[in-house]
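Next come the chains, spelled out residue by residue.
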Amino acid sequence: MKYFNLTLIIFTFIFITGCNSMNKQELQLRHEGIIDACYTVLEYNPEDKESRINTYLEQKEKAKQITTSEKQIIKACLKRTESSKKWSINH
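Residues numbered from 1 in each chain as written. Predicted model: local features only at pLDDT ≥ 70, side-chain atom pairs only at ≥ 80, totals over all residues. Heavy atoms only, no water.

Q: Give me unusual backbone geometry: which residues, what numbers.
A: The phi dihedral of Lys64 is positive, around 60 degrees, even though this residue is not glycine. Relative to the helices and strands, Lys64 is located in the loop between α3 (49-62) and α4 (68-83). Assessed through its relative accessible area of 72%, Lys64 is described here as exposed. (Helix = DSSP H or I, 4+ residues; strand = E, 2+ residues; numbered from the N terminus. Buried < 20%, exposed > 50% of the residue type's maximum accessible area, 1.4 Å probe, protein only.)

Q: Describe the pattern of salt bridges, with residues and values.
A: Within the structure shown, the criterion is met by four salt bridges. A salt bridge links Arg52 to Asp48; the nearest nitrogen and oxygen atoms lie 2.9 Å apart. With a relative accessible area of 26%, Asp48 lands in the partly exposed category. A single salt-bridge network, built from bridges that share partners, covers Glu58, Glu61 and Lys71. (Salt bridge = Lys/Arg side-chain N within 4 Å of Asp/Glu carboxyl O.)

If you want it as C-alpha cells, here you go:
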C-alpha cells in the first residue's frame, strides 16, 4: 500500500505539473526524491516528523520544486500511510 501511494503521488505530480522545462524523467526523479525524504523522516524521526517535514516541504515549495497542491497531496498521503495498520511504526 505504501508503494501504491508513492506511485499515485508521482503520477499526480506529473499530471499536475504538465509543461515544465525539465523532462518527465528528471521531474519524476525530483518528486521521488522529495517523497522519499519525507518517508525517511516519518520512519526514522517520528518524534519531530511534522516540523521536519513541514519545513522541508516549505523549502521545496519556495524553490518552486513543488506546488502548493503537491505539498498538500504529500502531507495527505503521509498521514494516510502513517494511520495504516500496515505501517511499521504503528505495529
